[in-house]
Amino acid sequence: MADLSYDLKTDQMVLNFGPQHPATHGTLRLVLELDGEVVKKAEPHIGYLHSGFEKLGEYKTYNQWITLSDRMNYLSPLANNIGFALAVEKLIGIDVPERAKYIRVILAELSRIADHMVWLGTHALDIGAFTAFLYAFEVREHLYNIFEHVTGARLTTSYTRIGGLFRDVPHDFEELVRAFLKYFPGVLKELHGLLTRNRIWMDRTRGVGYLSKEDAINWGVTGPVLRGSGVAYDVRRNFPYLIYDRLDFEIPVCDEGDVYSRYLVRMEELVQSMKIVEQCLADFPDGPVNYFDHKYTLPEKEAVYDTIEGLIHHFKNIMPGHGFEVPEGEIYVATEAPNGELGFYIVSDGSNKAYRLRVRPPSFVNFACFDHLVRGNLVSDVVAVLGSLNIIAGELDR
Amino acid sequence: MNPWLLEAILALIKIVVVVFGVILPLVMMLILAERRVSAFIQNRLGPNRVGWQGMLQPVADGLKFLFKEDVIPGHVDRFLYLIAPGIILFPAIMTFAVVPFGDQLTTYIGDTLVTIKFQIADLNVGVLYIVAIASLGVYGLVVGGYSSNNKYSMLGGLRSSAQMISYELPMGLAIISVVMMSGSLRLQDIVVDQYEVWNVFRQPLGFIIFLVASFAETNRLPFDLPEAEQELVGGYHTEYSSMKFASFFLAEYINMITASALIATLFFGGWHVPFGILEALNLPVLWEQIIQILSFSVKTLFFLFFFIWVRWTLPRFRYDQLMNLGWKTMVPLGLLNIVLTAIGIAIF
C-alpha cells in the first residue's frame with residue numbers, strides 16, 4: 001500500500017492577522033502562512049498608522065514638534081518628550097538646570113513603569129490571564145493621575161520644552177510619588193504571584209520566540225528584548241544622559257533569549273525604576289526649571305508684563321514664523337525609552353525648524369526580527385511573541 | 001388514574017421545572033455572577049446599575065441579544081450554520097436529565113401511591129448516558145466552525161474537536177473508578193453509595209482528573225483554546241450574532257452547571273448532607289427532602305464559583321501543551337487510578 005501521506009494534499013493556509021485583531025493592540029497587520037497551526041512564515045505589513053511625524057518636523061518649530069512626540073509611543077509620551085528635548089538642547093548647547101534634570105529623570109522612570117504596566121497587562125491578556133491586565137492598568141491609572149497633576153494631561157503630556165519644562169512640578173509632587181512608591185511594590189508582588197511561577201505561564205513563554213545573543217545584536221534590537229538575550233546594553237548606562245551617571249541602579253540581563261526572559265527583564269526593570277525614583281527624591285534640588293537664557297525659554301509672566309526684554313522674548317518664542325534659531329549642524333541623541341533605544345537625528349540649517357528630523361523608534365527595529373522569532377512556532381506563540389516585543393503601532397509607523 | 005400516564009405527566013412537569021425553572025434562570029444568574037465575581041477579583045465594581053445590585057442585568061443582556069440584527073453572512077454554509085447553535089444547546093440541556101438532585105418522596109396523589117424521584121430520568125445506564133450525550137456537544141462546535149467558512153472559526157472548531165475528544169477519555173477513566181466503587185452505572189446508586197464517605201476522599205486522584213477534564217469539556221479557561229479571543233478572535237462563534245451567538249453562550253454556561261452538578265454527584269455525595277446533621281435534626285420527611293436538595297445545590301454552586309474563580313486567575317494553555325497534558329499525563333494517571341482502585345477493592 002502506498003504511503004498515505006504522499007496522497008494527502010495539504011495546502012498552506014494564509015491567515016490575515018489584523019489590521020483589526022484583538023491581539024495586535026493598534027493597527028498592525030501580519031500575514032501568516034500556516035501549516036495546520038504551525039507558522040511557516042510571518043510577514044509584517046506596517047504603515048497603517050503612518051502619520052508623517054518626521055516630515056512634519058520640517059514644518060513645525062522645535063517646541064511645536066514636542067506635541068507630536070507624544071503621539072509616537074503613546075504609552076510613555078514623557079519619555080519621547082524628554083528624548084526630543086535632549087536632542088535639540090544638545091544641538092544648541094544648552095545645559096538645563098539641575099532641578100529640571102531631576103524632574104525629567106523621575107518622570108521618565110515613572111513613565112517606564114506605566115509603559116511596562118501596559119505591556120505586562122496586554123501581554124498577560126494575550127496569553128489569557130485577564131486579571132493581571134486589570135491589576136496592571138490600575139497601577140497605570142495611579143501614574144496617570146500623577147502625570148495629569150504635573151503636566152495637565154494624562155496621555156498627551158507635552159511636558160518638556162527646549163531648555164527646560166513647561167512648568168515646575170506642583171508642591172505635592174514628591175508626596176504623590178512617594179505614595180505611589182509605597183503602593184506599587186504590593187501590586188508588583190501580586191503580579192509576580194499571578195504569573196512568574198505559574199506553571200501555565202512558564203510553559204507558554206519559556207523557549208518561545210528564541211533570539212540568540214548574536215542574532216539580537218545583528219538584528220539591532222534594543223531595550224528589554226536585547227537584554228533578554230543576554231546583552232547588557234542600556235543607553236542610560238553606556239551613554240549616560242541627564243543625571244543617570246550619578247544614580248545607582250542595575251541593568252537586568254537574562255540569558256535565555258525567550259519570551260519568559262524578556263518578561264523577567266522587564267519585571268526587574270520596574271524595581272530598578274523605583275530605585276532610581278527614590279534616589280532622585282532623596283536629593284531633589286530646588287531652583288529654576290528653565291534655562292536662564294530666555295532666547296530659548298519662555299520668561300516668567302512678571303517679566304513679560306513688566307519689562308520690555310521679557311515681552312520681546314515672549315513674542316519671539318510664541319509668534320508664528322519666529323521662535324528660536326538652532327545653529328547649523330546635525331546630531332543624533334539616544335535615550336533609553338521603555339522599549340529600547342529611542343534616538344532622534346536632527347539636521348539643522350540654522351533656521352527655527354529642522355531641515356530633517358528622523359526618529360529611530362525601538363518598536364520599528366525590534367519588529368524587524370519578528371518573522372525570525374515566530375517561524376516554526378504555533379499561532380498561539382505569535383501573540384506571545386508579539387506581546388513580548390511590545391510593538392507600539394504609533395511609534396512603529398510614526 | 002393510569003399509573004403510566006401519571007408517570008409521564010410527572011416527568012413532563014419535572015422537565016419543565018428543571019429546564020425553565022432551574023437551569024435557564026440559573027444560567028442568567030451565573031452570567032451575572034461571573035461578571036460580578038470577576039469584578040470582585042479584579043478590583044472593579046462590575047454591572048450594578050440594572051435593578052438591585054445589577055440583578056436585572058441578565059434580563060437586559062437577553063433582551064439585547066434578542067433585538068440585535070440576526071446577520072447571516074453570505075459566505076456561510078446556510079443549513080449547517082443555522083443548526084449549529086441548536087446542536088450545541090440540545091445536548092447541553094439533555095445531560096442534566098439523569099442528575100439526581102434529591103432522594104425520592106413517596107406520597108398520595110389522589111388515591112394512588114406515587115414515588116416522586118427528584119431526577120428527571122432514573123436511567124440504569126446514567127453514567128454512560130452522560131458520557132454519550134456530552135460528547136455530542138462537540139458537533140455543535142465543529143459544525144459551527146466549519147459552516148462559518150472563516151479561517152479563525154475553522155481553527156477554533158478543529159481545536160475544540162481535538163480537545164474534547166482528548167479529554168473525554170480521562171474523564172471516562174475517572175468515572176470508571178467511581179463506578180467500580182459503587183458497582184452501578186445508575187447515578188442514584190452512586191450517590192447512595194457515598195452515604196458514609198464521599199468519593200472525593202476515596203478517589204482523590206479520580207476527582208482531580210475529572211475536575212480538570214470538566215474544565216476542558218466546558219471550554220473554560222485555562223482550556224478555552226477553541227474561543228481564544230487573542231488568537232482566534234472569537235473562535236468557532238466568530239461569525240455568529242444575535243440569539244445564535246447567545247445560544248453558544250448559553251450552552252457554555254449550561255455545560256458548566258452540568259459539570260458542577262456531576263462533580264457534586266460523583267465525588268461530593270450528591271444530595272447527602274454531611275456529618276449526619278440530617279439524622280440529628282430528626283425532621284419530617286418533606287423537610288429532609290428539601291434540605292437534601294439544598295445541600296446538592298450548595299455543592300453545585302460552590303463548583304460553579306470555582307469555575308469562575310479559576311477562569312479569572314490562570315492564563316491559557318497552548319494547543320500542543322493541552323494535548324500533551326491530556327494524553328501523556330491525564331490518561332496514564334486515569335489508568336493508574338483504575339488499577340489502584342481495583343487493588344483497593346480487592347484488599348478491603
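Residues numbered from 1 in each chain as written. Chains lettered and ligands numbered in written order. Predicted model: local features only at pLDDT ≥ 70, side-chain atom pairs only at ≥ 80, totals over all residues. Heavy atoms only, no water.

A. A look at the overall build of chain A. Across its full length, chain A holds 18 helices and eight strands. Compactness check: chain A gives a C-alpha radius of gyration of 23 Å against a globular reference of 21 Å for 398 residues, within 12% of the reference. On the principal axes, the C-alpha backbone points of chain A span a range of 100 × 45 × 35 Å. Per-residue burial over chain A gives 60% buried out of 398 residues. (Helix = DSSP H or I, 4+ residues; strand = E, 2+ residues; numbered from the N terminus. Rg over C-alpha atoms; globule rule 2.2 N^0.38 Å. Buried < 20%, exposed > 50% of the residue type's maximum accessible area, 1.4 Å probe, protein only.)

B. The pattern of salt bridges, seen in detail. Residues and elements named next belong to chain A. Enumeration over the complete set of coordinates arrives at 26 salt bridges over all chains. The salt bridge involving Arg-358 is made with Glu-54; its shortest N-O contact spans 3.4 Å. Here the residue Arg-358 occupies a position in strand β8 (residues 354-360), and Glu-54 occupies one in helix α2 (residues 53-56), the gap between them amounting to 304 residues. Relative accessible area serves as the criterion here: at 12%, Glu-54 is assigned to the buried category. The structure contains a network of salt bridges with shared partners spanning Glu-109, Arg-112, Arg-227, Asp-234, Arg-236, Glu-269 and Glu-336. (Salt bridge = Lys/Arg side-chain N within 4 Å of Asp/Glu carboxyl O.)

C. Inspection of the environment of Leu221(B) at higher detail. Turning to its location among the elements, Leu221(B) is positioned in the loop between α9 (204-217) and α10 (229-232). The spacing of Leu221(B) and Tyr167(B) is 54 residues in sequence and 14 Å in space, taken between C-alpha atoms.

D. Examining the side chain of Gln272(A) more closely. Residue and element names in this part refer to chain A. You can see Gln-272 is positioned in helix α12 (residues 259-282). Since its relative accessible area comes to 5%, Gln-272 is described here as buried. What Gln-272 contacts, discounting residues up to four positions off in sequence, is Phe-249, Glu-250 and Pro-252. (Contact = heavy atoms within 4.5 Å.)

E. Structural detail: the sheet that holds β8(A). Residue and element names in this part refer to chain A. Pairing in this open sheet of three strands is antiparallel, and the strands run β6-β7-β8 from one edge to the other. Among the strands making up the open sheet, the edge pair consists of β6 (329-337) and β8. For this sheet the average axis-to-axis angle between neighbouring strands, irrespective of direction, equals 15 degrees. With nine bridges connecting them, β6 and strand β7 (residues 340-348) associate as antiparallel partners. When the sheet's bridge partners are listed, Ile-331 is paired in β7 with Ile-346. (Pairing = 2+ DSSP bridges. Axes fitted to C-alpha atoms, helices over the stretch in contact; angles between N-to-C directions.)

F. Structural detail: the nonpolar core. Residue and element names in this part refer to chain A. Counting 198 residues, the largest nonpolar core has Phe-84, Ile-346 and Phe-370 as its most contacted members. In terms of residue count, the dominant contributor to this core is helix α5 (residues 98-126) (14 residues). Other than its neighbours up to four places away in sequence, Ile-346 contacts Tyr-62, Phe-84, Ala-87, Val-88, Leu-91, Gly-329, Glu-330, Ile-331, Ala-354, Arg-356 and Leu-357. (Core = buried A, V, L, I, M, F, W, Y, C linked by side-chain atoms within 4.5 Å.)

G. Expanded view of the state of the cysteines. With the rule as written, the count across this model stands at zero disulfides over all chains. Between Cys254(A), a cysteine without a disulfide, and Cys369(A), which holds the nearest cysteine sulfur, the sulfur-to-sulfur distance is 17 Å. (Disulfide = S-S within 2.5 Å.)

H. Highlighting the interface of chain A and chain B. Counting residues at the interface gives 35 residues for chain A, matched by 24 residues for chain B. Where chain A abuts chain B, roughly 2,600 Å² becomes buried across the two surfaces, and 60% of that area is made up of carbon and sulfur atoms. Linking chain A with chain B are one salt bridge, by the criterion used here. As a salt-bridge pair, Asp381(A) and Arg318(B) come within 3.0 Å of each other at their nearest N and O atoms. Connecting chain A to chain B are nine residue pairs in polar contact (both at pLDDT 80 or more). (Buried area = accessible area lost by both parts, 1.4 Å probe. Polar contact = N/O pair within 3.5 Å; in protein donor to acceptor, adjacent residues only side chain to side chain.)

I. Seen up close, unusual backbone geometry. Phi is positive for Asn390(A), close to 55 degrees, though the residue is something other than glycine. Mapping Asn390(A) onto the fold places it in the loop between α17 (379-389) and α18 (393-397). Asn390(A) sits in the buried class, given a relative accessible area of 7%. Of note in this structure, Gln53(B) is not a glycine but carries a positive phi near 50 degrees. In this fold, Gln53(B) is placed in the loop between α1 (3-41) and α2 (57-67). Relative accessible area serves as the criterion here: at 40%, Gln53(B) is assigned to the partly exposed category.

J. Examining the confidence of the model for chain B more closely. Taken residue by residue, chain B gives an average pLDDT of 82. The fraction at 70 or more is 96%. For this predicted complex, the interface score ipTM comes out at 0.77, while the overall pTM is 0.84. (pLDDT = per-residue confidence, 0-100.)

K. Region of interest: helix α6 (residues 151-182) of chain B. All names here are of chain B. Here α6 is 32 residues long and its end C-alpha atoms lie 46 Å apart, about the 46 Å a rise of 1.5 Å per residue gives. In terms of burial, α6 is a largely internal element, 24 of the 32 residues being buried. Positive backbone phi, at 75 degrees, marks Gly-183, one or two positions downstream of α6. (Expected span 1.5 Å × (residues − 1).)

L. Broad picture of the packing of α6(B) against α9(B). All names here are of chain B. The N-to-C vectors of α6 and α9 enclose an angle of 155 degrees; their axes lie 8 Å apart at closest approach. With respect to their mutual orientation, α6 and α9 come out roughly antiparallel. Two packed elements cross with a definite hand, and for α6 against α9 that hand is left-handed. For the pair formed by α6 and α9, the contact residues are Gln-163, Met-164, Tyr-167, Glu-168, Pro-170, Met-171, Ala-174 and Ile-175 on the first element and Gly-206, Ile-209, Phe-210, Ala-213, Ser-214, Ala-216 and Glu-217 on the second. Counted by class, the contact of α6 with α9 contains ten nonpolar, three polar and two charged residues. (Parallel < 35°, antiparallel > 145°, perpendicular 65-115°, else oblique. Left-handed = near helix turned anticlockwise from the far one by under 90°. Nonpolar A, V, L, I, M, F, W, Y, C, P; charged D, E, K, R; others polar.)

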